[in-house]
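# A closer look at the structure
So the chains spell out like this:
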Amino acid sequence: MNPFSYTQPKDIDGVLARLANGARPIAGGTNLLDLMKEGVYGTPSGGMTPLELVDINAIATAGLDRIEESGKGLRLGALARNADTAYHPLVRERYPLLSSAILAGASPQLRNMATNGGNLLQRTRCVYFYDVGVPCNKREPGTGCPAKHGINRQHAILGTSEHCIATHPSDMCVALRALDAVVHVRARDGGREIPFGEFHRLPGDRPELDSTLQPGELITHIALPDAARFVDHSAYIKVRERLSYAFALVSVAAALDLDGDAIRGARIALGGVAHKPWRVEEAERELEGKQAGEAAFTQAAERILEGARGWGQNDFKLPLAKNAIVQALMSATRGTAYARGEKE
Ligand SMILES: Cc1cc2nc3c(=O)[nH]c(=O)nc-3n(C[C@H](O)[C@H](O)[C@H](O)COP(=O)(O)OP(=O)(O)OC[C@H]3O[C@@H](n4cnc5c(N)ncnc54)[C@H](O)[C@@H]3O)c2cc1C
Ligand code: SF4
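So, here is what we can say about the structure in this document. In this text, all values refer to a predicted model and were calculated from it rather than measured experimentally.

## Let's talk about the site of ligand 2
Around ligand 2 sit 14 residues, and of these Cys 126, Tyr 128, Cys 136, Cys 145 and Cys 164 come closest. Looking at the shell around ligand 2 residue by residue, the classes come out as 11 nonpolar, 2 polar and 1 charged.

Shown next as structure tokens:
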């Protein structure tokens, strides 16, 4: 661990002042501290010195740790813990898809510590990104991407660039993308709202940037619009190396609005396949008016995966993603309670 400075302002203006000065916020610390210990942050090779941490936990009392009703939707505070969010009665009742996705991630201890804001900004799990002894365009732009011809079992099959093929590792974000969440941020000169689909980026020629959050901006909360029509038919499927405590190889958040067997509306987002949660809204629109079932769902899966390509070790993700989409939609059709194992 390298030396760093640490402040803990008691109000939001104090935090925003430190952020404007280049400080990095720390919330649960479950990703940030690992990155500091590995030397990815706070060393010259990490390219991010000097490091000043601004602890934002003391401003939770300003409401940033709350989960509150907002009309038929909800506001999830950035400092609410992942566990408190997943088990909150309003989240379980109105957004069972989100609750399932959060509970599929990490471990109980980590979810008790990890915050909603930090979950959105966790970094990729590409092994080269964490190893400061090797090149990596995301860590040190312009040095290269060894993953393209190396260890890439966990890597992306969609939206990659020649500069980076990393994935975004979050489970929570996959559900938030399907649910059309909006990220609310503040800086010293005001605030703005970022639709979830515009929050994370594809790597392009700037793989060092994961999101569209600007320097000096703090996430205050995440807004969830009304999703009542999807409550009865949703499912989160996560395929991984172990049954717990492993990142997704492929995950799918699926939700359907059904009239009998007829599809009135669909939401499908994928994790583990791209630099951001992946969603193809045309595929959802093409499902409208069709009968729920394997034929329609297979067509949708093929549409969503158009342009997908493997990099060697992760070629298996192409059929895996297709099957996972179909299975998630079949599971959503049977009903949320079945998908969550609450009914047989
Ligand atoms: C062993 C292990 C297994 C895991 N498995 C999974 C998994 O299966 N699925 C999954 O989804 N996740 C998994 N995680 C990741 C975990 O969910 C994240 O580490 C956690 O959500 C990050 O939240 P945090 O509050 O600890 O963030 P921190 O580590 O405190 O911060 C992370 C980043 O967010 C920034 N930040 C934090 N809050 C704000 C804010 N309000 N505004 C602006 N910037 C902010 C920080 O500056 C930092 O850059 C795993 C983690 C570990 C260590
Ligand atoms: S995939 Fe991205 S994070 Fe991994 S080595 Fe390549 S540039 Fe770095």
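## Side note on the site of ligand 1
Neighbouring ligand 1 are 31 residues, the closest being Gly 28, Gly 105, Gly 117, Gly 118 and Leu 121. When residues of the shell around ligand 1 are traced back to their parent elements, those giving at least two are strand S2 (24-26), helix H2 (32-37), helix H6 (108-113), helix H7 (116-120) and strand S8 (218-224). Taken together, the residues of the shell around ligand 1 sort by class into 16 nonpolar, 12 polar and 3 charged.

## Topic: unusual backbone geometry
The backbone of Ala 106 shows a phi angle near 55°, a positive value even though the residue is not glycine. Of note, Ala 106 is situated in the loop between helix H5 (96-103) and H6. At Tyr 245, a residue that is not glycine, the phi angle is positive and equals roughly 60°. Looking at the secondary structure, you find Tyr 245 in the loop between strand S9 (234-239) and strand S10 (250-259).

## Some details on the sheet that holds strand S11 (residues 262-271)
The antiparallel open sheet is built from 3 strands, whose spatial order is S9-S10-S11. Pairing within the sheet leaves two strands with one partner each, and these edge strands are S9 and S11. Sheet twist, expressed as the mean angle between neighbouring strand axes with direction ignored, is 15°. Pairing geometry for S9 and S10, over 6 bridges, is antiparallel. Pairing of Val 239 across the sheet is with Val 250, part of S10.

Calculation rules
- Residues numbered from 1 in each chain as written.
- Chains lettered and ligands numbered in written order.
- Predicted model: local features only at pLDDT ≥ 70, side-chain atom pairs only at ≥ 80, totals over all residues.
- Near = placed C-beta within 6 Å.
- Nonpolar A, V, L, I, M, F, W, Y, C, P; charged D, E, K, R; others polar.
- Helix = DSSP H or I, 4+ residues; strand = E, 2+ residues; numbered from the N terminus.
- Pairing = 2+ DSSP bridges.
- Axes fitted to C-alpha atoms, helices over the stretch in contact; angles between N-to-C directions.

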